[in-house]
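Structure at a glance
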Amino acid sequence: MSLLKYESQVREPLVDGNKTYHQVTEDICGPVEAAPSRLWWIGFIISVALLLFGVVSIYKEVVYGTGMWNLNKTIGWGWDITNFVWWVGIGHAGTLISAILLLFRQGWRTGVNRAAEAMTIFAVMCAGQFPVWHMGRVWMAFFVFPYPNTRGPLWVNFNSPLLWDVFAISTYFTVSLLFWYSGLIPDLATLRDRAKKKWAKAFYGVTSFGWTGSTKHWQRHESLSLVLAGLSTPLVLSVHTIVSFDFATSVIPGWHTTIFPPYFVAGAIFSGFAMVQTLMLVTRKVMNLEDYITISHIENMNKVIVLTGSIVGCAYLTELFMAWYGASKYEYDIFFKYRIAGPYGWSYWLMMTCNVITPQLFWVKKLRRNIAFTFLMSVVVNIGMWFERFVIIVSSLYRDYLPSSWSVYYRPSIWEVGFYLGSFGLFFTCYFLFSKYFPVIAIAEIKHILKKSGESFKEAMDPLEEQSVDEFVHQAHAHH
Amino acid sequence: MSNKKYWQTFGELNNTNAYNEAAENEFREELPFEMNDNGAKTPRRDFLKYLGFSTAAATLAASCEIPVKKSIPFLNKPADIVPGVSNYYATTFVLDGDVVPVLAKVRDGRPIKIEGNESGFTKGATTQRVQASVLSLYDTARVRHPLEKSGDGFKEAPTYEAVDKKIAEALAAVGGKQIVLLSSTLNSPSVQAVIDEFKAKYPSFKQVTYDAVSYSGIIEANGLTYGTKGIPSYQFDQAKVIVSLGADFLGTWISPVEYAKQYAAGRKINEKNPEMSHHFQFESSFSMTGANADERYTHKPSELGAVLLNLYAKVGGSVTAPSIADKRLAEGIDKAAKELVAAGGNALVVCGSNDVNAQVIVNAINAQLGANGKTINFGAMVNYRKGVDTEMEQFVTDMSAGAVGAVLVYGANPVYTYRDSKKFADGFKKVALTVSFNETEDETSELCQYILPAHHYLESWGDAEAKTGYTSFLQPTIHPLFKTRAFATSLLKWSGSAVADYETYFKAYWTNKLGGTAAFDKALEDGVIEPAAPVVAGATFNSSAVAAAVGKLSQTATSTGHELVIYQKVSIGDGKMANNPWLQEMPDPITRACWDNYAMVSVKTAESLGFKADDAYEVEPKKPVLKITVGNQTVELPMMIIPGMNSNTIAIAVGYGRSEKVGLAAKGAGKNIYSFVGFNGQNYQYTVGNVKVEATAETFTVAVMQTHGQYGNRVEVVKETSINIFKKDPKVFINERLNELKDYGGLDNFEAEGTIYPVYDKPGIKWGMSIDLNTCNGCGACVVACSAENNVAVVGKNQVAKYHDMHWLRIDRYFSGDMENPDVVFQPMLCQHCDNAPCENVCPVAATNHSSEGLNQMTYNRCIGTRYCANNCPYKVRRFNWHDWNGADSFGDNQVPIVESGRLNEVTLQMNDELTRMVLNPDVTVRSRGVIEKCSFCVQRLQEAKLTAKKDSRPMVDSDIKTACQQACPTNAIVFGNVNDKESAIRKVRTEEGVNRTYYVLEQIHVLPNVSYMAKVRNTDRVVGNEEEGGHEISHEEKKEAEAAH
């Protein structure tokens, strides 16, 4: 057998509680098959309410104009694009977990990948709303698609980073959706096989695409997973790189900087993992999945957070250094006069605190393994990352080249805030539906690691571990 | 074949009848043709008939309801109207006493744009108010038919004849009481003749001229010292040294349209031999003129006498002047006096005060300098303002005493502008017959018994004698829109003249005078009659009044506490045109605020009141409210902190706080402070002492278009220096640019070497603009002209405060130097039409792109409104249509709800009225909501010019094209043309005339703008701009260090 079967006893088990295959199925399918809980209903209704508020906010903006927001002649993008970048960034953790960690054969990904991928899809859906609805004439949004048309020689402008965004985001969404769904098929088949109600049989029957679990199916499934992982991996890096090009290729001091692509990608993974933490900590508690999403999962993700947080911190300091060293007075002014100080100075320091200073506490193992603290930090990090985008967008625009154009103080209108809240509504509505009707943990993949990283397996290995090498070798030979 | 028979039934076998019958009718079916099927009332066939008929009927009826919009061509096409081609008529802008000869651009019967008449004495110059006046023609608040009082309001008078009859009766019944014509300054010779006829009929007739803002002090002083009650022509172009004591002669004082042009002549720099006039400004407030001065000194309003007397003493007047405590001010007076004397008569002192004593001293100084006949021309007395304050006071006294039987109000609006409105109104109510000829139901008209609205000037015949020998004519450019009637026609009717109306009278008057119809037609066509050679004459100064004036000025009581300056805003002036949305939305040159008046205070005064001009103050449109008390009068106004205001002096503009009936634009804008105007027994005083100023806890939103006023070390934006430095080193600006670009190809190869991308040839036409910061005085005529030409939307106060203004062209105002005595630079900023435009490559749908002629073009119907281009514009000149300003939206009727919710102001409804929309230029698309727009270099004019040249089969030349801003500019600061044409003015400016001062804003970022600026040079010994802060110098040092580091 392959070496993969063996895992050091030093590593903590990835599935606690001596699970059998059947128990795994029961644990994960149970909540799907049971009636929704009261808590689920409360959460769902709040989400739908938020979503409706978002719909009203967009309605106001579309019918009466972008002037319903408080953007202005100097600050053309504010909360809208801040939210866009924020949501896209959040999505990145899901892809990283599902694709890169798959390629790197990180077994711990199985506990969180399903939910993280779902989060990616929902986050990208939310993100997509902002560049669409922020348009002055959203009904003409289809102009951004390059397709043969009857509008004469008009064609899209391939020079525009905003057009690259269109391709980047749509590709990202498509690949993520395929990846997520192809992973779901075996589990949907499990649900289908267990289903007792007629509609459930029909629904899972259709959605599982006739999965029988044959070896050929499994083989193709594995191949597809690898192919999609291969496709997704560059996307983890490229999508946010392209988003960062929106800013990096411009002439605006504070935007025009080459550090943005890595800085944005690190930030995206940073905020994405924080969001995964937020969701997972709630999900494992509510759905009794503590055995599958263990403290060690949480610790692993906290390690990613402290790493990416530190990268982001380095990026912030590099920006400041370059602003000083670059001897461009416009850039110098933006960073040293109007970003770390000035009317929006508070947002810079909030960003610094949330993204750079507080995540350093995760160097302490005790805190990495503390659920309450992790939850708090995950929220703090996402606040910080939201402000990072706000700082980049607003504090660069509000005082650019000509002092005559420097802006009045920008604060969002109720409809701008409403749109943002609405995106939360969309996200959580989707997430609640997902957690109710789909297995939030990849059953098949958990089963895959159960025999090497499950607690029962590890316990069974204990006697072997205690053997001396000679004894083990002898025994192994004896088996042959 | 066998005969064996096969059968299926017994019937068939036996061949029964029943069988045969059944076989015959095998497929028969009972059809329900019975007429009484199942008792239904409407049988099936009838039902179908009814259905068919009613459907057809409904279809017909419905189709008849569709509104049909008819577009009917002329049955007989008028000879001189070609649809789509504009006609230009020479006429004259007349507002109160202001006279500006203009050309009205009439398109398909509608005047849509006003241009200056270049053959007139204003040489084609216009002002913001001239530019905006075409919008007032379509003012929705104009009175549309004769009104007579009915209860508290007015009712429509059936006909003018009926009203004439009633008024004639009332006039006859006046008896011995006075019949008073209360008007603003009238300068029409023919109307004066009509008035004289009227006077002949009614011996008790009296004419009182009342100007909202009085120049009585000058008029009377000239009476005292020269024996001529009036205002002479000033020749700023002849003056090498100009000293202005609070006179805003470029913005509001007497005739800025002429003075701006003259002044610019002295400010234009010949680079080979740089000489400039030297302009000293002593003032308390901060005027636009002060902002243009080389040396500016501030003093308290009450110190004016002392300043004048000192100046008089220093130029050689025999007078003992009081000492001046402020050292800087005293030195300034010394310096000004020295320069004045040295100029040998080519000097001019003007003063904005309305105090006759002050003006007597000013006259004495000018006489002492020998300015008469050189810079002051008594050969052409101007007729812009004629009001004498004491006459008005006498009239009010008479009226209160009941001695006035009838008042005819024309042009004047004393209920609004008089210092004691209540006293006037009370007296007015005692008058038996009151008639107003004003165009709107203004504050005074509201109290009249009749309103017989006069025509707008664009609908009128007429004439105006701007100054002796200079007559300008008015001819109608459109049939009167409403049932209005010329003021003089009314007088003719009431005086029982044989002439039926003013038109006939006017034509006869001038045909007679000019000696024939041909001459008259010629005069109308030219629009002006002027003397062949200007008459320049001095006058003998009579010094007898000086001693008394000195005595009075020396006694001027020093006031305690704050002092108040009441001024006119460059945009709104005395408030007559307050309902003009273009003017309301035109930002003030100094404060950059619009839609309101406010209290201007200095940085120090603000600090003493507990406010700091910090970031928080700057970025918040909500400004603290001050409570200002003079005597028993109080007004609460927002505070604007303006560097360079004199400490303890506050300045407030008149012209605001109009009544609601004046119109939706004027409604709610600012507060009326005419009531604070003082009276010293002889003249109205626009400065007031003993003012109490208190801070309040309240705030008030002021619509400001520019929050930050200093350019700091950003010398790539604004370049300025003093004339000494420029003389010493004419290459100072060139070297600065070289320093910045030397590693990237220098000035010549920067385009190619500053980029990694290929460079394209630019053959054919390449449009370019040059703006001279030396001659631009910040007046804003171009801003309004741009709005008029390009259908730029008015967004209203709330939206301006949200920084949503739409101006394609703005005039940035930068302070530099110290906060107490800053220098000011005005910089017109518009789309720079960059050859390497950052806006173009970021648009995802290529809605903005570059033309082969160097224009950065905007394709509105391709724009989806991502605003990325606006973000990426380093000049921030792109404007987004945040709301449906123009009613051009895909969603109908979505203005009213947001007007009702207070998001938009009612002015949006005014601007979208069918009447107001007649002003729109049909050559320019009205932009819908959600798209970006910006300056197009008036592309519609460029196309027209190219076509004209093509039709004439000749190359296009400079004179074919003028952008709207260029044409409106009174100082010719803007030069525009084809840079590739070696003969073009723009080419000459950039390569010869202005080569040493030409620079491009933010040149170093390699966007390659097509608009160049000419650096500002000040005639001073001081270090100007931010050089003392190290702006220019240190930036070089930094560069060197940076280069060394690399």
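Predicted, not measured: the structure shown is a model, and the values here were computed from it.

1. Digging into the overall build of chain A
A count of helical and extended segments in chain A gives 17 helices and 0 strands. In summary, chain A has a C-alpha radius of gyration of 24 Å against a globular reference of 23 Å for 480 residues, a match within 12%. When the backbone C-alpha atoms are referred to their principal axes, chain A occupies close to 85 × 55 × 45 Å. For chain A, with 480 residues in total, the buried portion stands at 50%.

2. Quick notes on the overall build of chain B
The helix and strand tally for chain B stands at 35 helices and 41 strands. Along the first, second and third principal axes, the C-alpha set of chain B runs to 160 × 95 × 65 Å. Looking at chain B as a whole, 56% of its 1046 residues are labelled buried. Partitioning the intrachain contacts of chain B with sequence separation of at least 6 by distance along the chain shows that 73% fall at a separation of at least 24.

3. Structural notes on the sheet that holds strand β31 (residues 767–772) of chain B
Residue and element names in this part refer to chain B. The 4 strands lie next to each other as β38-β31-β40-β39, forming an open sheet whose pairing is mixed. Of all the strands in the sheet, just β38 (974–978) and β39 (998–999) have a single pairing partner and so form its edges. Bridge count for β31 against strand β40 (residues 1011–1014) is 4 bridges, and the pairing is parallel. Pairing of D772 across the sheet is with M1014, part of β40. Sitting on the sheet, helix α34 (residues 985–993) touches β31, β38, β39 and β40, and the angle it makes with β38 is about 110 degrees.

4. Quick look at helix α17 (residues 502–514) of chain B
Residue and element names in this part refer to chain B. With 13 residues, α17 ought to run about 18 Å at 1.5 Å a step, and its terminal C-alpha atoms sit 18 Å apart, in line with that. Of the residues making up α17, those classed as buried are Y502, Y505, F506 and W510. Axial view of α17: buried residues confined to an arc of 115 degrees, hence all on one face. With its phi angle positive at about 80 degrees, G515 sits one or two positions after the end of α17.

5. A closer look at the nonpolar core
L308, I361 and A599 of chain B are the most contacted members of the largest nonpolar core, which totals 433 residues. Apart from the residues lying within four places of it in its own chain, the contact partners of A599 of chain B are L626, I628, L637, M639, M640, I650 and I652 of chain B.

6. Quick notes on the packing of helix α12 (residues 356–369) of chain B against helix α19 (residues 546–555) of chain B
All names here are of chain B. Orientation of α12 relative to α19, taken along the N-to-C sense of each, is 125 degrees, at an axis distance of 9 Å. In terms of orientation, α12 lies oblique with respect to α19. Handedness of the α12/α19 crossing: left-handed. Across the interface between the two elements, N357, A358, V360, I361 and A364 from α12 touch V546, A549, V550, K552 and L553 from α19. Residues that form the contact of α12 with α19 fall into these classes: 8 nonpolar, 1 polar and 1 charged.

7. Re the interface of chain A and chain B
With 46 residues of chain A in contact, the opposing surface of chain B contributes 57 residues. Those elements that provide at least two residues to the side of chain A that touches chain B are α2 (38–64) and α5 (161–194) of chain A. Here the side of chain A that touches chain B gets 4 residues from one element, more than from any other, and that element is α5 of chain A. The residue makeup of the side of chain A that touches chain B, split by class, is 26 nonpolar, 16 polar and 4 charged.

8. As for the environment of G387 of chain B
Residues and elements named next belong to chain B. Position of G387 among the secondary structure elements: in the loop between β13 (376–382) and α13 (389–400). Taking the number of C-beta atoms within 10 Å as the measure of exposure, G387 has 23 and is therefore buried. On a C-alpha basis, the gap between G387 and T185 in space is 6.6 Å, while along the polypeptide they are 202 residues apart. Beyond its immediate stretch of four places on either side in the chain, G387 contacts T185, T209, Y210, D211, S214, S216 and M392.

9. Quick look at the pairing of strand β7 (residues 205–209) of chain B
Residue and element names in this part refer to chain B. As defined by bridge partners, strand β6 (residues 178–183) adjoins β7 across 4 bridges and the pair is classed as parallel. Its bridge partner being in β7, I179 is matched across the sheet by F205. For the handedness criterion, the β-α-β arrangement of β6, helix α6 (residues 189–201) and β7 is classed as right-handed.

10. Things to note about unusual backbone geometry
Residues and elements named next belong to chain B. With phi around 65 degrees, R867 is a residue other than glycine that occupies positive phi space. Turning to its location among the elements, R867 is positioned in the loop between β35 (856–858) and α29 (868–871). One non-glycine residue, F937, lies in the positive phi region at around 60 degrees. With respect to the helices, strands and loops of the structure, F937 is situated in the loop between β37 (932–933) and α32 (939–951). Among the residues examined, F937 registers 27 C-beta atoms within 10 Å and is labelled buried.

11. Regarding the sheet that holds strand β11 (residues 295–298) of chain B
All names here are of chain B. As summarised here, the arrangement of the 4 strands in space is β11-β10-β9-β12, forming an open sheet in which the pairing is parallel. Only two strands of the sheet have a single neighbouring strand rather than two, namely β11 and β12 (347–351). The sheet shows a mean angle of 10 degrees between the axes of neighbouring strands, taken without regard to direction. Lying over the sheet, helix α11 (residues 327–342) contacts β9 (241–245), β10 (278–283), β11 and β12, oriented at roughly 135 degrees with respect to β11.

12. A word on the environment of E720 of chain B
Take E720 of chain B: it is sitting in strand β30 (residues 720–722). A sequence separation of 302 residues divides E720 of chain B from Y418 of chain B, and the C-alpha atoms of the two residues are 43 Å apart.

13. With respect to the pairing of β11 of chain B
All names here are of chain B. In β11, alternate side chains face the same way, and those of E295 and Y297 on one face and R296 and T298 on the other are all buried. For β10 and β11, the ladder comprises 4 bridges, and the chain directions are parallel. Among the inter-strand pairings, F280 is bridged to a residue of β11, identified as E295.

14. Side note on α19 of chain B
All names here are of chain B. By the burial criterion, the buried members of α19 are V546, A549, V550 and L553. Looking straight down α19, one finds that the buried residues subtend no more than 100 degrees of arc, so they occupy a single side. Opposite the buried face of α19, at more than 90 degrees from it, the exposed residues are A547, A548, G551 and Q555. The inward-facing, buried residues of α19 abut α10 (304–314) and α12.

15. A look at the confidence of the model for chain B
When the pLDDT values of chain B are averaged, the result is 89; 95% of them are 70 or greater. Both scores are available for the predicted complex, with the pTM at 0.89 and the ipTM at 0.92.

16. Considerations on the environment of T257 of chain A
All names here are of chain A. Here T257 shows up in the loop between α7 (215–248) and α8 (260–286). Spatially, the C-alpha atom of T257 lies 9.2 Å from that of M322, the residues being 65 residues apart in sequence. The contact partners of T257, leaving out residues within four places of it in the chain, are A248, E319 and M322.

The rules behind the values
- Residues numbered from 1 in each chain as written.
- Chains lettered and ligands numbered in written order.
- Predicted model: local features only at pLDDT ≥ 70, side-chain atom pairs only at ≥ 80, totals over all residues.
- Helix = DSSP H or I, 4+ residues; strand = E, 2+ residues; numbered from the N terminus.
- Rg over C-alpha atoms; globule rule 2.2 N^0.38 Å.
- Buried ≥ 20, exposed ≤ 12 C-beta atoms within 10 Å, placed from the backbone.
- Contact = placed C-beta atoms within 7 Å.
- Pairing = 2+ DSSP bridges.
- Axes fitted to C-alpha atoms, helices over the stretch in contact; angles between N-to-C directions.
- Expected span 1.5 Å × (residues − 1).
- Arc of directions from axis to C-beta.
- Core = buried A, V, L, I, M, F, W, Y, C linked by C-beta atoms within 7 Å.
- Parallel < 35°, antiparallel > 145°, perpendicular 65-115°, else oblique.
- Left-handed = near helix turned anticlockwise from the far one by under 90°.
- Nonpolar A, V, L, I, M, F, W, Y, C, P; charged D, E, K, R; others polar.
- Right-handed = clockwise from strand over helix to strand, strands pointing away.
- pLDDT = per-residue confidence, 0-100.

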